[in-house]
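Examination of the molecular architecture
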4 protein chains.
Amino acid sequence: MSGETRPLGVAAIGYAFMGKAHSQAWRNVGSFFDVPAFERKVLVGRDGAQVAAAAERFGWQESATDWREVIARPDIDVVDICTPGWTHAEIAIAALEAGKHVLVEKPLSNTLEESQAMVEAAARAAGRGVKSMIGFNYRRVPALAYARNLIGDGRLGEIRQVRASYLQDWLADEQTPMSWRLRRETAGSGALGDIASHAIDQVQFLTGHAVTGVSARLETFVPRRPGPDGVEDVTVDDAAWLTLALDGGAVASVEASRMAFGRKNALRIEVYGSGGALAFDLERPNELQFLDGADPVEEQGFRTILVTEPEHPYVSAWWPQGHVIGWEHTFTHQVRDFLVAIRDGGTPSPSFADGLQVQSVLDAAARSAEARGAVVDLPSASRATQEA
Amino acid sequence: MSGETRPLGVAAIGYAFMGKAHSQAWRNVGSFFDVPAFERKVLVGRDGAQVAAAAERFGWQESATDWREVIARPDIDVVDICTPGWTHAEIAIAALEAGKHVLVEKPLSNTLEESQAMVEAAARAAGRGVKSMIGFNYRRVPALAYARNLIGDGRLGEIRQVRASYLQDWLADEQTPMSWRLRRETAGSGALGDIASHAIDQVQFLTGHAVTGVSARLETFVPRRPGPDGVEDVTVDDAAWLTLALDGGAVASVEASRMAFGRKNALRIEVYGSGGALAFDLERPNELQFLDGADPVEEQGFRTILVTEPEHPYVSAWWPQGHVIGWEHTFTHQVRDFLVAIRDGGTPSPSFADGLQVQSVLDAAARSAEARGAVVDLPSASRATQEA
Amino acid sequence: MSGETRPLGVAAIGYAFMGKAHSQAWRNVGSFFDVPAFERKVLVGRDGAQVAAAAERFGWQESATDWREVIARPDIDVVDICTPGWTHAEIAIAALEAGKHVLVEKPLSNTLEESQAMVEAAARAAGRGVKSMIGFNYRRVPALAYARNLIGDGRLGEIRQVRASYLQDWLADEQTPMSWRLRRETAGSGALGDIASHAIDQVQFLTGHAVTGVSARLETFVPRRPGPDGVEDVTVDDAAWLTLALDGGAVASVEASRMAFGRKNALRIEVYGSGGALAFDLERPNELQFLDGADPVEEQGFRTILVTEPEHPYVSAWWPQGHVIGWEHTFTHQVRDFLVAIRDGGTPSPSFADGLQVQSVLDAAARSAEARGAVVDLPSASRATQEA
Amino acid sequence: MSGETRPLGVAAIGYAFMGKAHSQAWRNVGSFFDVPAFERKVLVGRDGAQVAAAAERFGWQESATDWREVIARPDIDVVDICTPGWTHAEIAIAALEAGKHVLVEKPLSNTLEESQAMVEAAARAAGRGVKSMIGFNYRRVPALAYARNLIGDGRLGEIRQVRASYLQDWLADEQTPMSWRLRRETAGSGALGDIASHAIDQVQFLTGHAVTGVSARLETFVPRRPGPDGVEDVTVDDAAWLTLALDGGAVASVEASRMAFGRKNALRIEVYGSGGALAFDLERPNELQFLDGADPVEEQGFRTILVTEPEHPYVSAWWPQGHVIGWEHTFTHQVRDFLVAIRDGGTPSPSFADGLQVQSVLDAAARSAEARGAVVDLPSASRATQEA
């Protein structure tokens, strides 16, 4: 449990891409946000020399190679899991059972079964005041948090149509080699789980409506790639197309690809309602396009709001208007919100249950794709997203 | 048959939106393009007074109310059909059998049966040197014609992914009243046939690949609207989502809507290949976005080509570079190409068969939607689009 | 004087670039706008064969080579002067004295003296009900006409700053040869008179404030170019920079260039007031950027208004929303406004006096440039622009 | 002198806006870049309690209130001056004379005399191996550093025209109160020194050409504002317009404003050469527009390069492609370059002499404005910018 008389002790597990991003968040959050005191105690990884160097570089007090020992330490109150998805369940459940607050990178896990077990562990822990959260960091892009507010305030009227895509191109080259991300046994799926998941989460986060049915297609454009031991089969999708029914009657399209030449990190979302519209592109994360249908028709147009005013979510902590922030700042906001929930006793959002729900959508998508696109219905979901 | 010693005599049927656009094309084409001599003989419509006024306004020598009489006239060589879809088959077949060259607005007709009969009539007529063409006018946007050239020249490599949408918002207001476009018996379908058809044609035109399978969803967000005799059921779709398999292995998504608040005439197309990418938006029709994958990676980016150079298709006829043209000019280009084919003996493109093929895709989409998205395969198509 | 019982007879003089654009306007205006009846009587040019071909191509009833004969004809009521600037004064004054309504392309003339004489002739003619107008056609871009309305309605508050530029690149290549446009004796000046003039007119038109002082610099980056008889000196400016004081206290910057690589016809204008801002780019003429300072700060942003709604100036005559028009349509609007003024008795705007006033600014700019930028004051001008 | 056997000891002076930004740079640089070891020893400020809190918040080991004591400390090797301009000279000269490496925020100082003394002190210190640098941080925007490389590699040919502006709007509201930035005695000048200076530095940095002559206008649109003791005169400019002659023959325009409603931090630069063009906007700092004139004309267009590839300057240290950085990262890059120069013995750039040269341009601008725009020539400058 979090200590009341000493700073929270934080351990992070994983020091690759996500570990680096989370470390940066932990290093900076206290300089900009009012959060409870904490100490960056220990960074955990499998390779002792490498994790020691990373801990030094990113400013952790110590490094360690055995996560089990770390979560057993009484001076550790918070565990931040940045390892690949197939390891999440075991670590997270153990940490929760040890009474540690747990932040876990998306995906919650690679299987519905594991995720279900994680949700149950989180529920048990919550009863003891132990917090858990999943890291859909794009909820903390100020422009998207603000977009959600606009929609929540009814500025778009009834939501009818959402057009989302997440396009990257790092696999456009046929010679890009195999990696664990391209094998089903380690990655679960390809573009679907890795990036469509973010788009699906945004669709539900922004609209406040849960997916009730999925039609999908998956495609592997480059089915064989060079591996360490010769040419190897790619066993996950390069691209995914989903059509989603939402409770309340809206329809969303989601397209994800790692083959979209020239798109680097283009999570794009357009939301159309009966009273207005919004558009966003993660390659320009400080901007939100908003069309207010309450304006006279001759004055209507998508306005480019530079989401850098103190009135915008998270922004007042940073720099004066017009001085933009970057991708990494979303992780800082995420840690801020998690720490505040630990201190103030709220329920962090998105929850493990939210993570499981997104995975249910991905699972339905995979089944629909196997059924050549026929809709797979999801069980009547409780409202997918909770108020932040 | 077209006269050799006198100007071609042209009759246009219909004087509403499309009749106005086609009339504008006929009036202007001769001033900018080298086309065979022709005379704007007669404009045909049901209401005698109105069609007379329209003929006067748009510069036709005469008006008439009986299209049968007009196509029987020996001084008429070309018939341009701008009436609603349900009337196309009867007029077009009669005109072709009377030996008149026929240009028909899209859709070819409202049913596959009628369209099949039209294709057969066109084939018979072609044997006698009589030309026919369907008006997918967006093939004549210079930026799109140029895009097709770039793809045809291999500048994008192998095409993998196409992302197309056609978004409008004229039905976003629930109080917009009923019209023939919202009743199945007169319109056939809604956004699907009206605008998704353009997007589908572009997908095939640009890539040179035909659709082989369709998964679709249709939605009517506002199911009842005020009609002349009280509230009435809307019996066509407000929006449509399609996922298309193309021969050669590419996948295309198509989204069409009349409810996308703030989008006025947004036919947007992105094409991703193994060697580059393109993007286009009909709201900025003079621009083409092109990313050339042959550039060094640090120099790559979508370049905004202002498609107003004399080197670009159709442009040299108009104004100096940077002096943009408008939506209406696509019809002028269409008439130009049709007249040139009549004079030079080529086969106008897109043909009635191309129109039928697009309708087959729409029909498959409707059937897939009824089957909750399960893919409907199309018969192995001959290549959908012919060289212009 | 214009006949009351027969259509107005129109003569156009000049059949090159501007003659083509004006001819297109005269051909189309009657099909889209409610204007008094007129006939395209005669096109005048120096080369008999060429002008005859042009008349045939653009739809004039006759051609002629002697403008004096034409303006003497009793069946001619309107004279549209599209020849180079050095010929304007003689033709326009003669036509006005012959009682013909005169529309003259910008510049009014090449010298202040000639322009002054034209203004006087116009004033005398006005007393007899004869109309005159100068063709600053960009006032008839719907987006700019609408911008003026927004400013006139006070939506930008007090205007403080205008940032205007007109950038082209047709001289960026050093090998582009000499032409009459690059010799002072025929062109008067270079980028200054040709395109900065449009920007200056817009500054005054949009804000309703006249220039009171000018600081300027002129530059000829490529001082010698290949001519028909060998290398020749360029005697006009390639580029011009102006800083303008406006009555009322605003300041405007104007930059014009024919050397701005990649800019094809980029007349760009930004207007900043105490209550909002506007931005426009002629390469996207159907769009206006508007920021409304009355919105809450967190909702403020430049909104891209697609100026294609029936509520926008001139637009209802054309096509449905989102179906954009082109550069040439500005000339159609210009002819429409001129014809309506002839019919309804209003004063066409911009007047010859407005043309002279712009030339005074250009003259002051040239003098300031000779004085190495020291401000040249303009005489207290009456308000430069009149209400349309 | 910097220690060889222990980490460099760093002191920062000032903890307001710039102190916060510099502190953030010092905290993060070591985690991303290979720099010599250093310790964040002490943060200095006038208010003991506030500076102590800031030191705690931003991660400095200690705080202090007397900068003289701090620069006398043997464990301090580097002094980073983030205080207002009027304090720079005294601190910087004292620190240099004490053998400390000095990084000073722009402006170098508020007067030419002070700046001249600083340059002399820097030259003396350099002889003893002591480094100095001025913080024109926008040179470290990856897109601008890359732009300079493109120009330096000749990709734009001969530079002819630069169009720069720096537009903000924090003074658009007439009720925004007085502050030290609006009084001449504390700020020196207004928009001119504060932001036009950045634009001028970029013009010279990007092109490699120094300003040789200046024509300028300054304007104070709101001459009186509410102050702590009632309404007060604003004694600096709200906006500035400059036309700059550059050695080599190019011309640059610079416009700076704090009144440009809707522009938040819009440093915009367009560079036109005989072989291509570039454009940049600081509100989208991760993007560079590049038009390559070597492409066939029909393929030319401004390409939007997302400057987030590992091949781009500074980027490989951060995140994968498409994961954008923010405004603050420019300060991290600045500190990185300074530390590397200390370690490797190079000459940091921009130097104090570069800062003085920019101030000479500002001074010439002020004198030209007093002379109503007449050009003020600058002494034949040695090349303004040095190789980075």
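Residues numbered from 1 in each chain as written. Chains lettered and ligands numbered in written order. Predicted model: local features only at pLDDT ≥ 70, side-chain atom pairs only at ≥ 80, totals over all residues. Heavy atoms only, no water.

Another aspect to go through is the interface of chain B and chain C. The interface of chain B with chain C comprises 37 residues on the first partner and 37 residues on the second. Regarding the contact of chain B and chain C, the summed buried area is about 3300 Å², with carbon and sulfur atoms giving 52% of it. At the junction of chain B with chain C, the criterion picks out 4 salt bridges. Among the salt bridges present, the one from B:Arg284 reaches C:Glu287, with a minimum N-O distance of 2.7 Å. (Contact = heavy atoms within 4.5 Å. Buried area = accessible area lost by both parts, 1.4 Å probe. Salt bridge = Lys/Arg side-chain N within 4 Å of Asp/Glu carboxyl O.)

Next up on the list: the interface of chain D and chain C. Each partner contributes to the interface: chain D provides 49 residues, whereas chain C provides 49 residues. For the pair chain D and chain C, the summed buried area comes to about 3800 Å², and 49% of that belongs to carbon and sulfur atoms. Taken as a group, D:Arg160, D:Arg163 and D:Phe261 account for 21% of the area that chain D buries against chain C, more than any other trio of residues on that side. Applying the counting criterion to the chain D and chain C interface returns 10 salt bridges. We note a salt bridge from D:Arg372 to C:Asp377, for which the minimum N-O separation is 3.0 Å. At the junction of chain D and chain C, the tally comes to 20 residue pairs in polar contact (both at pLDDT 80 or more). (Polar contact = N/O pair within 3.5 Å; in protein donor to acceptor, adjacent residues only side chain to side chain.)

As a further point, take the relation of the copies chain D and chain C. Overlay of chain D on chain C (RMSD 0.0 Å): rotation 180 degrees, translation along the axis 0.0 Å. Taken together, the rotation angle and the small translation identify this as a two-fold axis. Closest approach to the rotation axis among the C-alpha atoms of chain D is made by D:Ala374, whose C-alpha sits 2.0 Å away. Both copies present the same face, since 100% of the interface residues in chain D are matched by interface residues at the equivalent positions in chain C. (Least-squares fit on C-alpha atoms with pLDDT ≥ 70 in both.)

All right, on to the domain arrangement of chain A then. All names here are of chain A. Structurally, chain A comprises domain 1 (8-137) and domain 2 (139-325 + 352-377). Just the C-alpha atoms count here: the centres of domain 1 and domain 2 sit 25 Å apart. Taken together, the contact between domain 1 and domain 2 spans 24 residues of the former and 24 residues of the latter. A buried area of about 2100 Å², summed over both sides, lies between domain 1 and domain 2, and 69% of it is on carbon and sulfur atoms. Its largest share of buried area at the contact with domain 2, domain 1 owes to Phe32, Leu112 and Phe136, together 32% of the area lost on that side. On inspection of domain 1 and its partner domain 2, the count reaches 7 residue pairs in polar contact (both at pLDDT 80 or more). Put simply, the parts of the chain that give the side of domain 1 that touches domain 2 at least two residues each are helix 4 (88-97), strand 5 (101-105), helix 5 (112-126) and strand 6 (132-135). Per element, the largest residue contribution to the side of domain 1 that touches domain 2 is 6 residues, and it comes from helix 5. Considered class by class, the residues forming the side of domain 1 that touches domain 2 number 16 nonpolar, 7 polar and 1 charged. (Domains from an automatic or database assignment. Helix = DSSP H or I, 4+ residues; strand = E, 2+ residues; numbered from the N terminus. Nonpolar A, V, L, I, M, F, W, Y, C, P; charged D, E, K, R; others polar.)

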